[in-house]
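Structural overview for review
So the chains spell out like this:
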Amino acid sequence: MDACELRGVRTHNLKGIDCSIPFGRLTVITGVSGSGKSSLAFDTIYAEGQRRFVDCLATYARQFLERLDRPDADFIGRLEPPLALKQSVSVRNARSTVGTMTEISDHLQLLLAHAGDVRCLGCGEAVETETLESAAARLAAIVAERSVALLAPVPRERLGAAGVSGLVQQGYTRVLLGGLVRDWPGEWLLDSAPGLPDRIDLVVDRLLAGHARRGRIVEAIGSAWAIAHGRASAAALDGETPGRILLDLREGAVCRACGLEAETPRPGLFSADSPIGACPECQGFGRSVTIDPEKVVPDPRRTLRNDAVLPFRMPSNRWWYRKLLRCAPAAKVRTEIPWSELRERERAWVFRGDDRYPGVDGLFAYLEKKRYKMHVRVFLSRFRGYVPCAACGGTRLRPAALAVRFAGRNLAELGATTIADLRAIFEAPGLPSAREARVRPLLREIRGRLQVLDEVGLGYLTLNRPARTLSGGETQRLRLAGGLGASLTRTMYILDEPTVGLHARDSSRVLGVLRRICKSGSTAVVVEHDPAVIAGSDHLIVLGPEGGERGGRLLYEGSSADFLRSEPGFFRIADAPAGEKIRANAPRLRLRGLAAHNLKIEHLEIPLAEITAVTGVSGSGKSTLLDEVIHRNWLRFQGRPVEDVGRVEGIEGFEALEEVSLIGQEALGRSSRSNAISFTKVSSPIRDLFARTPEAAARGLRPRDFSFNVPGGRCETCKGLGTVVLEMHFLPDVEVACESCNGRRFRPEVLEVSHRGRTILGVLEMTADQAEAEFADHPEIVRRLRPLQDVGLGYLRLGQPTSTLSGGEAQRLKLASFLAEGSRTGRRLFLFDEPTTGLHARDVARLLGALRSLCARGDAVIVVEHHLDFIAAADWAIDLGPGAGDEGGRVVFEGPPTALAACKTSHTGRALAAHRRKGRAGRDSARAASVARGSGSPRCRRDRLSAPLTGASDAGDPRTAAADRGGSPRAGVRRGRIGRAAR
C-alpha cells in the first residue's frame, strides 16, 4: 500500500507505536482525551514534514521560520507536504473579518483593481481609465475624417522666459490663438503682460486627415501628456469652426461627463488596513469612539441623588456630583426618581449641562486634557463606546474605493452580501470577454473558496462580519475553509476536529469536503470524535486506552466499518442518565426583547437550576445569547467595564446570582510556568506543608521558597524553568538543562527539605492520583485534588505545563479549578461554550458528572452544545433556529430534552431522534454479534477496549511488557481487529 510508514513513535506519551497513513485516503485518529492523538498527528507527522521542508531552505531563510523539534521515532517514511489546521478560536484583532481570514478580501481587491467599473463621485457616471492606446484609438477615428491640431494646455503661470525658451528649443514654436495656429507672440515672454489668457494651448502636432499614421498619433499624445501633465486636446483645423475643441484626452480615470478626475484603481485602494484605502476619519475601523450613556449610568433604577452617574461616584469627582445636586432644581431636573423615569430633556441636561453645571461631557472634556496620566486613560476607557463612523457609514473605506463596482456592487455591498448569494453573483459576473479573460484565475479562486465556505455550512455569513463576533465552531470552520480552498494537490492535510461547533445536521458537509480533498489526490489526516466522520473514513487509528501515561498505545488500526460493527457503543455515553425535572419554584433568568445580532426573541426564561443545554444549528445565535446577552449584561449590571453589549430590553434574575462566569474555548496559555498544581491552587497548601517541616524551619525557608515562579528558593540562573535557551543565530536555538541546578529548578537547600521522603520536586512529578494517596491525611490538599479525578485528569502530573495539554484536557482543567473552590453562600451561574470539544464519549460522561457536582452545590449551568448524548442528559433544553444567520435567532423549542426529540420543526430534535434509533439498533446488533460469538453482553467488549493495560490480566503478556519498556506493541495489534493488548 502506498502509505507513510511510522515505526517506534514515542512522542510525548506514545509507547513506541507502529502505524501507517495511506496516501490519497481519509484517515481518522481517535481515542480518549489525552491518549496521544495530537501527539501522533501534529507533533509527529506534521512536525517531521515541516522539519524536512525547512531543512531544504538556505541557512539565512531558516532563522525566519518556526522549527519544530525532531519527533522521537525510529523511522518515518515518505511524507507528502503537510498542511496543519489546528484548533484556534480566539480572534482578538478588531480588523479581522471573515473575508480576511479566508483571504477572499485579498482576491476581491485584485479583482476590483483590474475589472471594476469606476463611477464618478460627482455625477455618478461611468469613468473609463484613459491609456495611451485608448486615447490614440479615439483620436485616430477623428483624424480619419478631418485635420486636427493636437494641443497641450499649459497654465500661463508655469511659463516664463526660461520655460518658453525651453519649449522653443524642443521645436514647439506654435500656439492656438483665436482659433488660428500662430507663432509665439513676443509679449508672451513677459509673465506680467496684461490681458493674456490664463491657459496657453501649445500646438504639439498637426495631423492631416487621412495622412496621420497611428505611430505618429501615439507619439504626439505622449508628448502632449508629458508637457501638460496628463492633459491634451484636439482642435479642428478645417471646417466651419476652426479652432473648436473636438476631443479632450486626459490620462488616467477621468469622467467624460463632468471632467472630475477619479482615482486610478489599485489593490491598496480597496483595503481598510491600508492608508491608501482606509477612511481618514476612523482609520479603517468603521466606528468612532464616543461616550456610552449606558456605561455612564449602568443601573437605571438608581436616582441622581443615589449616585446614578457612575463617574461621579469616584472620590476625585465628587465636586461634579455636588454641583449636579445644587444646579438640578434651577434646571427643573428631578433627583429623587429613577433614571429610567426621567424625561429626555432631563437626561440631556445631566450630560450636556448649562452655564452653571458643566455636565458629564464637561468632566470627560476636562479629563481628556490629562490623558498623559495612565490612570486617567484607564478611567476613560471604562466609559467608551462605539458608533458607526459618520464619514464612511461603517464601510471602513474612503469614497474613492466605494466608487468602484463589480457586478453592480461596490466592495462594501459585496462584503454585506451573504456567502450563499455571492456564489450566485460570481457564477455569472457579466464581464466583457476581454476583461473576464484577464481576471479568470481570480474568479476561479474566489468561486472555489466561496464553494467550500458554503459546503461547510457557513453560507449565511457575510465577508464583513468581524471575526471577534464568531462562535468557536464558525471560527474553526473558517480556518478549515481557508486552508481547503487553496486547491492544493499531493498535500497532506492534518486537521484537528473540523466538526467542532458543527450541528449534527451539517457533519456530512464537512465529510464531503474531506472526501473531495482525497479525490483530488491529497491525503487527509483528521483527529476526530464525531461518529459520522469516523464512519465515512477509509482508515481508522484508535489510541488509548486511557489518557496521559496510561495512554499512547495502539488499540486498533484498520477499516472503520469493521470497528464500528464490532464496537458500536465506543462513541456513545454508556447509559447516559436522563435529565431531572426542573422544579417549579426554581429561580429563573427572564429576558425580554433580545435583538443582538440575529436574535429575535420577545421573551425567554432560563431556569437557574441544574443543567440547561442551548442547542441549534451553527449560527443560530447560541454564543450570542450566552456571551453578549447574558455575560456582558451581567458585567454591565455589576458596573464593570465592557463593550459591545448585546441589545436586550430587560433582564430579571441577576439579583439571585453572586457571580456569572463564562468558560469559553480559549487556550490556557503557552507559559511553561502554568501547571495543574497552580491552576487548581493546590500548590498553596503543599508549600505550607513543606514550610512547616523541621528542615525548612532550620533553614529559614518560607512557603514562597517552594515555588519556582518567584525569587527565593528557585534557581536564578534558569529562573525556575530548569532549562536555558542558547541562541545559535543562523541555526535553531537549542534548549539545554541548566548547569546550575541540573534541571531541578530549585536551589540545593530547598531540595534538602522533604516530606515523607519526597522533595518538592518529587511532588511535582507525582500524578494527581498518587498525590491524593500521599496526602490522604491533609483534607485541604485532598479537597483540591479530588476535582482533577472527578473530571478524569487523575493521570496528570502536578508539574506538567498546561501548554502541553490537549484541548479536551484544558477544558476539563478549567472545570476542575471551579470545583476546587471552597464553599460559597451565593448562587453562581456557569456559562460553558461547547465543553465537549475534544472529548471522547467516556470523557463526556465524566464531564456530566463534574457539572452535576456544580449543580449539587446550588450553582446553575448553561451549556452551548451539539453533542447529542450530552443534550439528552441535560435537564432543560432551549433550541434556537430554525436556520442560521437571518433564518435563525428564534426559540424553536424550550422544555425537557425528552420532548425535544419529538419536535419535528427542530433540526436538533430530528437529529436527537435519529441518534436514539441508531443507538438502539447498534445495541441490538452488538448483542446479536455477541451471542453469535458466545461472548455475553456487548458492554463487556467495550469495557475490554477501554480497560487499562497495566492490570493483572496483562502482567504476563510479552507484548504488553514490551510496550511498557518503550518497545513496539504492534505484535498485539492486527489490521481490522482489536489486538490482545487492548483487552
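Since this is a predicted model, take the numbers as computed values, not measurements. (Residues numbered from 1 in each chain as written. Predicted model: local features only at pLDDT ≥ 70, side-chain atom pairs only at ≥ 80, totals over all residues. Heavy atoms only, no water.)

**Quick look at the packing of aromatic side chains**
All told, the structure shown has 15 aromatic pairs when counted by the stated rule. Sitting above the plane of the Tyr-386 ring, Arg-287 keeps its charged end 3.9 Å from the centroid. Just above the ring of Tyr-321 sits the side chain of Arg-318; from NZ or CZ to the centre is 4.2 Å. (Phe/Tyr/Trp six-rings, centres within 6.5 Å; stacked < 30°, edge-to-face > 60°. Lys NZ or Arg CZ within 6 Å of the ring centre and 35° of its normal.)

**As for the pattern of salt bridges**
One pass over the structure, following the stated rule, counts 52 salt bridges. Taking the shortest distance from any N to any O, the salt bridge between Arg-371 and Glu-368 comes out at 3.8 Å. Take Glu-368: its relative accessible area is 34%, and that puts it in the partly exposed class. Counted as one network, the salt bridges with shared partners bring together Glu-546, Arg-812, Arg-842, Asp-843 and Arg-846. (Salt bridge = Lys/Arg side-chain N within 4 Å of Asp/Glu carboxyl O. Buried < 20%, exposed > 50% of the residue type's maximum accessible area, 1.4 Å probe, protein only.)

**Considerations on the sheet that holds strand 4 (residues 75-76)**
Here we have three strands laid out as an open sheet, ordered 2-1-4, and antiparallel in their pairing. Either end of the sheet is taken by a strand with one partner, and the two such strands are strand 2 (17-22) and strand 4. Sheet topology places strand 1 (residues 3-9) next to strand 4; two bridges connect them, and they run antiparallel. Along strand 4, the bridge assignment pairs Leu-6 with Ile-76. Docked against the sheet, helix 1 (residues 37-55) engages strand 1, strand 2 and strand 4, running at close to 115° with respect to strand 1. (Pairing = 2+ DSSP bridges. Helix = DSSP H or I, 4+ residues; strand = E, 2+ residues; numbered from the N terminus. Contact = heavy atoms within 4.5 Å. Axes fitted to C-alpha atoms, helices over the stretch in contact; angles between N-to-C directions.)

**Comments concerning helix 24 (residues 683-691)**
Because each turn of an α-helix spans 3.6 residues, side chains separated by three or four positions end up pointing in the same direction. Among the residues of helix 24, those classed as buried are Ser-683, Pro-685, Ile-686, Leu-689, Phe-690 and Ala-691. Looking at the buried residues of helix 24, the elements they touch are helix 23 (676-679), helix 25 (694-699), helix 27 (760-764) and helix 29 (779-790).

**Examining the side chain of Asn-317**
Within the element layout of this structure, Asn-317 appears in the loop between helix 8 (293-296) and helix 9 (318-327). On the basis of relative accessible area, Asn-317 is assigned to the buried category, the value being 6%. For Asn-317, the residues in contact, after removing those within four places along its chain, are Pro-311, Phe-312, Leu-363 and Phe-379.

**Observations concerning the pairing of strand 11 (residues 199-207)**
On a regular strand, each side chain points to the face opposite its neighbour's, so the side chains alternate between the two faces of the sheet. Most of strand 11 is tucked away: seven of the nine residues are buried. As judged from the eight bridges shared by strand 8 (residues 148-155) and strand 11, these two strands associate in the antiparallel manner. Bridging across to strand 11, Pro-155 finds its partner in Arg-199. Relative to strand 11, strand 9 (residues 174-177) runs antiparallel, the two sharing two bridges. Of the residues in strand 11, the one forming a bridge with Leu-176 is Asp-201.

**Quick word on a positive patch on the surface**
A cluster of like positive charges, contributed by Lys-904, Arg-910, Arg-917 and Lys-918, occupies part of the molecular surface. Within the secondary structure, Lys-904 is located in the loop between helix 33 (897-900) and helix 34 (907-933). (Patch = residues over 30% accessible without salt bridge, like charges linked within 9 Å, V, L, I, M, F, W, Y side chains within 5 Å. Areas by Shrake-Rupley, 256 points an atom, 1.4 Å probe, with all protein chains shown as cover. Lys, Arg positive; Asp, Glu negative; His and termini not counted. Charge placed at Lys NZ, Arg CZ, Asp CG, Glu CD.)

**As for the nonpolar core**
By size, the foremost hydrophobic cluster in this structure holds 72 residues, and its most contacted members are Leu-108, Leu-111, Phe-270, Phe-406, Phe-426, Leu-484 and Leu-514. Apart from the residues lying within four places of it in its own chain, the contact partners of Phe-426 are Leu-108, Leu-111, Phe-406, Leu-443, Ile-446, Arg-447 and Leu-450. With 57 residues, the next largest nonpolar core counts Met-766, Leu-793, Val-861 and Val-863 among its residues. (Core = buried A, V, L, I, M, F, W, Y, C linked by side-chain atoms within 4.5 Å.)

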